[in-house]
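The chain contents come next:
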Amino acid sequence: MRDKIIYLLGAVSILLLARNIYLISGLPGEEAQGAIFKIIFFHVPLAITALTCASVSCVASILFLVKKDFRYDAVAVSVTEVGLAFLAGNLITGSIWARIIWGVWWAWDVRLTSALVCWLLYASYLMIRHAVEEPTQRARLAAVVSIFAFIDVPIVYFSIRLFRTQHPGPVFFSSEGSFPHDWSMILMWNLFAMFMLGAVFTMIRLRQEETQRELDSLRRVAHAF
Amino acid sequence: MSAVAVDGVWKYYGDFPALRDIRLEAAAGSCLALIGRNGAGKTTLLRIIAGFSRPGKGEVRILGNAPRETATRRSIGFIGHGIAVYDELSALENLTLYAKLYGLADPRRTALEWLEHTGLERVRDGLVREFSRGMRQRLAVARAFLHNPSVLLLDEPFTALDDRAIAVLQRLLREGLAQGKTIVMSTHQLREALELATHVALLNRGQVAFEGACTPEMAADPGLVYARYGEG
Amino acid sequence: MEFARQVFVIAAKDLRAELRTKEAINASAAFALVILLLFSFAFDLDPDTNREIASGLLWLVFAFAGTLLLNRSFARELPNDCLDALVAAPLPASALFLGKSLANYVLLLAIELLSLVVFGIFYNVRWTVQFGELMVVLALGTWALTIMGTIFSALTVNIRLREVMLPILIYPFLVPALMGAIQLTLGLMAGKPIGPDTASWLPMLIGFDVIYTAVSVFLVEQILVG
């Protein structure tokens, strides 16, 4: 049953993405920046999806610490890995954008810099999971790191923004400039497609995580006695 | 109400059950010897009783309360695999530290008393890292006893003790039992343990294979319990 | 108050043990001095540049050398299984945590003051002009470093690769605090008091300190007892 849901969601999201890409490529280029501006249709939804993944991870971690149910831990790790991948997509699209517009592969814009720091924060979540072998301890410590990381996300964003107001630098996607309504609609549709894709990946990863846990415990039983 | 009650405790490492449905009780003034092969779960169980880790299912009650409650922690004395004293501090400084942490009225005096009880008064200002092994173990015993705990949890306490330390520990344990303290100790040293034990429990593969009073038969032939109730 | 007394007992124990062996503090101080030395070779420095980079350089030195010291914080409880005895003792995990943080704070401040003196000599920068304000920023920024280092030291205490994991974990989290401390110290190094625009970093730094102290105190029991 779960497999069918995964396939269905996957198919719908791919179709939706295909339709969106077709629509986006049909849009006129933006005045100042040309065709590359359309990367915003992916750059922004990737960030929003990654932020949603971080929130889900935090909630799942809190629930694990309260209830000690390993399913919450499995959700936390799955959704964090997916979020990390989406955030990497955000960083890469941002980098491509910077290369085309500014001629540099990286610029210390507020959002990109915040995204990079947040990426490092959640990468450290994965690193601590790799460093602990015992599953209960691993889940507990990772949950704490996830909560710490989520709290840091707004602090990082606001501190970098404060830095940038005092030391102005390049700004991508400034909020001035018109963004036509139908463009917003396409952005929303793309966001929806990203959410579904994120859900699909998370469910696949969740399935893999549960199988891995079962294997681990069977291995322990086999070796213990 | 028993002093130590283990009620339906399960402990999981991931999905692997290291302890399965453990039910044990130790009445006040009794000495329960936990025996079993390596990997049976003795240390895991003892650490759960002491409050170092939480069971996946079930609960532990010490003197009617949870082990992690502050009042309960005051009544527990624990000796684990390590001696739990600081190498860089002197014997007196170590015991005074623990006396302060346990909120004792006159920490320094209690520390000095216990140095005498364990025969370490002459080296009270010596740094622990310069002590011999037997001296370190006697200091560990002093640390565990100095706050007058009513429940003593000992994980293989006789392992690697020299004869003087064994004598000190056995004397203190006998005195404690006479005062109504409860002792739960896991052990490989069946002979020393069964001399003191009033009850015996055999753990096998995370389950209680046998639980009952310690008979003179058992004390005379320590391997008896394994042979009768263990596997192979 | 009982809680405060317990915090001081732990802090005193850590300080006494550390001052007797001086292992962590020597390593940390030596590392700080070495970095200061290396930086003087790495860049072509003149008095004006020195004043400009002073703030960033100093806080990076504090962060790197500090991590060396903070790593020892819970790791020193591992030999002889002392951590077990502390967890078993009737003191709240938060008292244990705050006691260790206090001891680390004192030691870190000592290293930082030493680094400041050496820096002033090697790089020929007069940092004493705005002494009072510099000490305030030092106090706030060092507490951020201390709290993050101590809580992650507790988190990584039972993990293999502990020495590697702590720096990997701590630096991304510290970005906002380091940024704030560096910005606040910038003007101070040039002899100017904290201006109104820079002062907006103060609430950020204080907020960081308060939030992370609260979260750490709240979660430390979960970290230490499984």
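The coordinates are above.
Because the structure is a prediction, the values reported are computed rather than measured.

(A) Layout of the overall build of chain B. Looking only at helices and strands, one finds nine helices and nine strands in chain B. Here chain B has a C-alpha radius of gyration of 18 Å; the compact-globule value for 232 residues is 17 Å, and the two agree. A principal-axis box enclosing the C-alpha atoms of chain B has dimensions of 50 × 40 × 35 Å. Across chain B, contacts joining residues at least 24 apart in sequence account for 68% of those joining residues at least 6 apart.

(B) Inspection of the interface of chain A and chain C at higher detail. The interface of chain A with chain C comprises 24 residues on the first partner and 24 residues on the second. Of all the secondary-structure elements, those providing two or more residues to the side of chain A that touches chain C are helix 4 (110–131) and helix 5 (135–166) of chain A. Tallying contributions element by element places helix 5 of chain A first for the side of chain A that touches chain C, with 15 residues. Tallied by class, the residues present in the side of chain A that touches chain C amount to 17 nonpolar, five polar and two charged.

(C) Layout of the interface of chain B and chain C. Taken together, the 26 residues of chain B in the interface contact 20 residues of chain C. Elements with a minimum of two residues in the side of chain B that touches chain C: helix 2 (70–74), strand 5 (76–79) and helix 3 (91–101) of chain B. Of the residues belonging to the side of chain B that touches chain C, the class tally is 12 nonpolar, seven polar and seven charged.

(D) Up close: the environment of N190 of chain A. Residue and element names in this part refer to chain A. Along the chain, N190 turns up in helix 6 (residues 181–224). Through-space distance from the C-alpha of N190 to that of A76 is 24 Å; in sequence the pair is 114 residues apart. Every residue in contact with N190, bar those within four places of it in the chain, is listed here: N20, F41, F42 and P45.

(E) Main features of the environment of V118 of chain C. All names here are of chain C. With respect to the secondary-structure elements, V118 resides in helix 5 (residues 93–123). Distance from V118 to A32, taken between C-alpha atoms, is 9.6 Å for residues 86 residues apart in sequence. Beyond its immediate sequence surroundings of up to four residues, V118 is in contact with L33 and L36.

(F) Summary view of the sheet that holds strand 1 (residues 4–13) of chain B. Residues and elements named next belong to chain B. Reading across the sheet, the three strands line up as 2-1-4 and stay open at both edges, with antiparallel pairing between neighbours. Because the sheet does not close on itself, it has two edges, and the strands there are strand 2 (16–26) and strand 4 (57–62). For this sheet the average axis-to-axis angle between neighbouring strands, irrespective of direction, equals 20°. Examined bridge by bridge, strand 1 and strand 2 share eight bridges and lie antiparallel to one another. Among the inter-strand pairings, V9 is bridged to a residue of strand 2, identified as I22. Across the face of the sheet, helix 1 (residues 42–50) comes into contact with strand 1, strand 2 and strand 4 while running at roughly 120° to strand 1.

(G) Broad picture of the pairing of strand 6 (residues 151–155) of chain B. Residue and element names in this part refer to chain B. By the criterion of burial, strand 6 is predominantly enclosed, with five of the five residues buried. Covered by surrounding structure in strand 6 are V151, L153 and D155 together with L152 and L154, the residues of both alternating faces. Alignment of strand 5 against strand 6, held across four bridges, turns out to be parallel. Residue pairing in the sheet places G77 in a bridge with L152 of strand 6. Alignment of strand 6 against strand 7 (residues 182–186), held across five bridges, turns out to be parallel. The residue bridging L154 from the neighbouring strand is M185, located in strand 7. Taking the sense of rotation as the criterion, the β-α-β connection linking strand 6, helix 6 (residues 163–178) and strand 7 turns out right-handed.

(H) Spatial organisation of helix 5 of chain C. For helix 5 of chain C, built from 31 residues, the straight-helix expectation of 45 Å at 1.5 Å per residue is met to within 8% by its first-to-last C-alpha distance of 43 Å. Directly beyond the C-terminal end of helix 5 of chain C, a positive phi value near 60° is found at N124 of chain C.

(I) Examining the packing of helix 5 of chain A against helix 7 (residues 162–189) of chain C more closely. Remark: helix 5 of chain A packs on helix 7 of chain C, axes separated minimally by 8 Å, with the N-to-C direction vectors making an angle of 30°. Viewed along their axes, helix 5 of chain A and helix 7 of chain C form a crossing whose handedness is left-handed. For the pair helix 5 of chain A and helix 7 of chain C, the contacting residues are F148, D152, I155, V156, S159 and F163 of chain A in the first and F173, V175, P176, M179 and G180 of chain C in the second. Here the contact of helix 5 of chain A with helix 7 of chain C is composed, by residue class, of eight nonpolar, two polar and one charged.

(J) Spotlight on the sheet that holds strand 3 (residues 31–36) of chain B. Residue and element names in this part refer to chain B. Taken in spatial order, the six strands make up an open sheet running 5-6-7-3-8-9, and their pairing is mixed. Looking at which strands have only one partner, the edges of the open sheet turn out to be strand 5 and strand 9 (207–213). When the angles between neighbouring strand axes are averaged without regard to direction, this sheet yields 15°. Along the sheet, helix 5 (residues 133–145) contacts strand 5 and strand 6; its crossing angle with strand 5, the most-contacted strand, is approximately 160°.

(K) Spotlight on the packing of helix 2 (residues 40–67) of chain A against helix 5 of chain A. Residues and elements named next belong to chain A. Following both chains from N to C, one finds helix 2 and helix 5 inclined at 140°, their axes separated by 8 Å at the closest point. With respect to their mutual orientation, helix 2 and helix 5 come out oblique. Crossing angle aside, the handedness with which helix 2 passes helix 5 is left-handed. Contact with helix 2, carried on its side by A54, S55, S57, C58, S61, I62, F64 and L65, involves A139, A143, S146, I147, F150 and V153 of helix 5 and no other residues of that element. Of the residues belonging to the contact of helix 2 with helix 5, the class tally is 10 nonpolar, four polar and no charged.

(L) The arrangement of unusual backbone geometry in detail. With a phi angle near 50°, R205 of chain B is a residue other than glycine that sits in the positive phi range. At N124 of chain C, a residue that is not glycine, the phi angle is positive and equals roughly 60°. Checked against the element boundaries, N124 of chain C lands in the loop between helix 5 and helix 6 (131–156). When the 12 C-beta atoms within 10 Å are taken as the criterion, N124 of chain C is described as exposed.

(M) Main features of helix 1 of chain B. Residues and elements named next belong to chain B. Taking burial as the measure, the nine residues of helix 1 include seven buried ones, the bulk of the element. For helix 1, the set of buried residues is K42, T44, L45, L46, I48, I49 and A50. Positive phi appears at G51, one or two residues downstream of helix 1, with a value of about 95°.

What counts, and at which threshold
- Residues numbered from 1 in each chain as written.
- Chains lettered and ligands numbered in written order.
- Predicted model: local features only at pLDDT ≥ 70, side-chain atom pairs only at ≥ 80, totals over all residues.
- Helix = DSSP H or I, 4+ residues; strand = E, 2+ residues; numbered from the N terminus.
- Rg over C-alpha atoms; globule rule 2.2 N^0.38 Å.
- Contact = placed C-beta atoms within 7 Å.
- Nonpolar A, V, L, I, M, F, W, Y, C, P; charged D, E, K, R; others polar.
- Pairing = 2+ DSSP bridges.
- Axes fitted to C-alpha atoms, helices over the stretch in contact; angles between N-to-C directions.
- Buried ≥ 20, exposed ≤ 12 C-beta atoms within 10 Å, placed from the backbone.
- Right-handed = clockwise from strand over helix to strand, strands pointing away.
- Expected span 1.5 Å × (residues − 1).
- Left-handed = near helix turned anticlockwise from the far one by under 90°.
- Parallel < 35°, antiparallel > 145°, perpendicular 65-115°, else oblique.

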